[in-house]
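So you can see what is in the structure, the chains are spelled out below.
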Amino acid sequence: ITDLSTDFDGNLWITTGGTTAQANLHVRRRDGTFRSFPAISQTNIEQVVPDDNGFLWLRLQAGSGLLVFDPQTNRSRFLTTLTGEGGLPTNSVRS
């Protein structure tokens, strides 16, 4: 387990690390059920931050930028310094 965080609805979001391309984002819902998200297979997730709109902001290892994930649609988007990918001032996101 690399990080734990709860959202507004009381769900527990869990990130795990590893060396294989497997699901590294999981949720334990308030009713006790678990779900994994195979669409998120990055092995370098350091922090998960749920926002009030239901999106998950995943801080990746230094120099890798951010990944924003919508668990409702299973869609994600990288945010980096590259044009068309958010235009961050730096890929080293600390918090």
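Note that this is a predicted model, so its numbers are computed, not measured.

Parameters and conventions
- Residues numbered from 1 in each chain as written.
- Predicted model: local features only at pLDDT ≥ 70, side-chain atom pairs only at ≥ 80, totals over all residues.
- Heavy atoms only, no water.
- Helix = DSSP H or I, 4+ residues; strand = E, 2+ residues; numbered from the N terminus.
- Rg over C-alpha atoms; globule rule 2.2 N^0.38 Å.
- Pairing = 2+ DSSP bridges.
- Axes fitted to C-alpha atoms, helices over the stretch in contact; angles between N-to-C directions.

## Some remarks on the overall build of the protein
1) Next: When helices and strands are tallied, the protein shows zero helices and eight strands.
2) Next: Counting from the amino terminus, helix and strand elements in the protein follow one another as β-β-β-β-β-β-β-β.
3) Next: The C-alpha radius of gyration computed for the protein amounts to 13 Å, which stays within 12% of the reference 12 Å derived for 95 residues, consistent with globular compactness.
4) Next: With respect to the principal axes defined by its C-alpha atoms, the protein has extents near 40 × 30 × 25 Å.

## Section: the sheet that holds strand β1 (residues 3-6)
1) Next: In space, the four strands of this open sheet follow the order β1-β2-β3-β4, with antiparallel pairing throughout. At either end of the open sheet lies a strand with only one pairing partner, and these are β1 and β4 (34-36). Across the sheet, the mean angle separating the axes of adjacent strands is 20° when strand polarity is ignored.
2) Next: Across four bridges, the pairing between β1 and strand β2 (residues 12-15) is antiparallel. Each bridged residue has a counterpart across the sheet, and for Ser5 the counterpart in β2 is Trp13.

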